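Below, each chain spelled out in residue letters.
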Amino acid sequence: MSIEARIAELGLTLPQPAAPVAAYVPAVEANGLLHISGQLPFRADGSLMTGRLGEDVDVEGGRAAAERCGLMLIAQIKAALGGDLDRVERIVKLGAFISSTADFTDQPKVANGASELMAAVFGDAGRHARSAVGVPVLPLGACVEVDAVVAVRPA
């Protein structure tokens, strides 16, 4: 089954890839690895999911935000690969940054929103290494940001 068919089977819709908000590019492919810049959690209506975990966002809201970051990562991967998600060989690593209070310690549970999405979409190739880090603030007030390193097959 193609990755596109799997996405459809899961009832998911990829968003339009977000444009960079500063001086960087969304993706760089080098030596068989695709490095995807950090992606923010945009709802289906285009609004940004903001706030801080442990303050005004709960774990479930954070998981949902991480999943939205994951969908945007997949959209960026697709754009970088000229629309061919079947070139993805492996999701190598995700880096999850969670805007959270000093006493919030459930960053791994929040990051699972993106991790579980990758496994659902890419199967065993979606299982990856990961970091889940609490930070005091993220760009534009986002509650979560996730970046990725992806192994890709040659075109």
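The structure contained in this document is the topic of the report that follows. (Residues numbered from 1 in each chain as written. Predicted model: local features only at pLDDT ≥ 70, side-chain atom pairs only at ≥ 80, totals over all residues. Heavy atoms only, no water.)

## What about the overall build of the protein?
Of the regular secondary structure elements, the protein holds 3 helices and 5 strands. Ordered by position in the sequence, the α and β elements of the protein form the string α-β-β-α-β-α-β-β. The C-alpha radius of gyration computed for the protein amounts to 15 Å, which stays within 12% of the reference 15 Å derived for 155 residues, consistent with globular compactness. Here the C-alpha coordinates of the protein stretch approximately 45 × 35 × 30 Å along the principal axes. The proportion of buried residues among the 155 residues of the protein is 41%. Total accessible area on the protein is roughly 7,400 Å²; 53% of this is exposed by carbon and sulfur atoms. (Helix = DSSP H or I, 4+ residues; strand = E, 2+ residues; numbered from the N terminus. Rg over C-alpha atoms; globule rule 2.2 N^0.38 Å. Buried < 20%, exposed > 50% of the residue type's maximum accessible area, 1.4 Å probe, protein only. Areas by Shrake-Rupley, 256 points an atom, 1.4 Å probe, with all protein chains shown as cover.)

## A look at the nonpolar core
Core analysis: the largest hydrophobic core is formed by 36 residues, its most contacted members being Ile77, Phe122 and Val144. Those elements that provide at least two residues to this core are helix H1 (3-9), strand E2 (33-39), helix H2 (59-80), strand E3 (88-99), helix H3 (107-122) and strand E5 (144-152). If we ignore the near neighbours within four places in the chain, the residues touching Phe122 are Ile3, Ile74, Leu85, Val88 and Ile91. Counting residues in hydrophobic clusters, the runner-up holds 5 residues, among them Leu40, Leu48, Leu138 and Ala142. (Core = buried A, V, L, I, M, F, W, Y, C linked by side-chain atoms within 4.5 Å. Contact = heavy atoms within 4.5 Å.)

## Description of the sheet that holds strand E1 (residues 27-30)
With mixed pairing, the 5 strands of this open sheet are ordered in space as E1-E2-E5-E3-E4. Unpaired on one side and paired on the other, E1 and strand E4 (129-135) mark the two borders of the sheet. Taking each pair of neighbouring strands and ignoring which way they run, the sheet shows an average axis angle of 15 degrees. In terms of strand pairing, E2 meets E5 through 5 bridges, oriented antiparallel. (Pairing = 2+ DSSP bridges. Axes fitted to C-alpha atoms, helices over the stretch in contact; angles between N-to-C directions.)

## Describing a nonpolar patch on the surface
A grouping of Val21, Tyr24 and Leu140 is seen on the molecular surface, where their side chains present a nonpolar patch of about 300 Å² in accessible area. The class for Leu140 is exposed, based on a relative accessible area of 58%. (Patch = residues over 30% accessible without salt bridge, like charges linked within 9 Å, V, L, I, M, F, W, Y side chains within 5 Å. Salt bridge = Lys/Arg side-chain N within 4 Å of Asp/Glu carboxyl O.)

## Section: the packing of H2 against H3
In contact at an axis separation of 7 Å, H2 and H3 are set at 40 degrees when each is read in the N-to-C sense. Regarding the angle of H2 to H3, the classification is oblique. Two packed elements cross with a definite hand, and for H2 against H3 that hand is right-handed. The segment H2 lies against H3, with Val59, Gly62, Arg63, Ala66, Glu67, Gly70, Leu71, Leu73 and Ile74 engaging Lys109, Val110, Ala111, Asn112, Gly113, Ala114, Glu116, Leu117, Met118, Val121 and Phe122. Within the contact of H2 with H3, the residues separate by chemical class into 12 nonpolar, 4 polar and 4 charged. (Parallel < 35°, antiparallel > 145°, perpendicular 65-115°, else oblique. Left-handed = near helix turned anticlockwise from the far one by under 90°. Nonpolar A, V, L, I, M, F, W, Y, C, P; charged D, E, K, R; others polar.)

## With respect to the environment of Arg68
On the secondary structure map, Arg68 appears in helix H2. Considered as a pair, Arg68 and Pro15 are 53 residues apart in the sequence and their alpha carbons are 9.1 Å apart.

## Focus on the pattern of salt bridges
Enumeration according to the criterion identifies 7 salt bridges in this entry. Between Arg6 and Glu9 there is a salt bridge, with the nearest N and O atoms lying 2.2 Å from each other. Note that Arg6 and Glu9 are positioned in helix H1 at a spacing of 3 residues, about one turn of the helix. Among the ionic pairs, Glu60 bridges to Arg63, the shortest N-O distance being 3.8 Å. Of this pair, Glu60 and Arg63 both sit in helix H2, 3 residues apart, roughly one helical turn. Among the charged side chains, a network of salt bridges with common partners joins Glu60, Arg63 and Glu116.

By themselves, these are just geometric observations and shouldn't be taken as functional.
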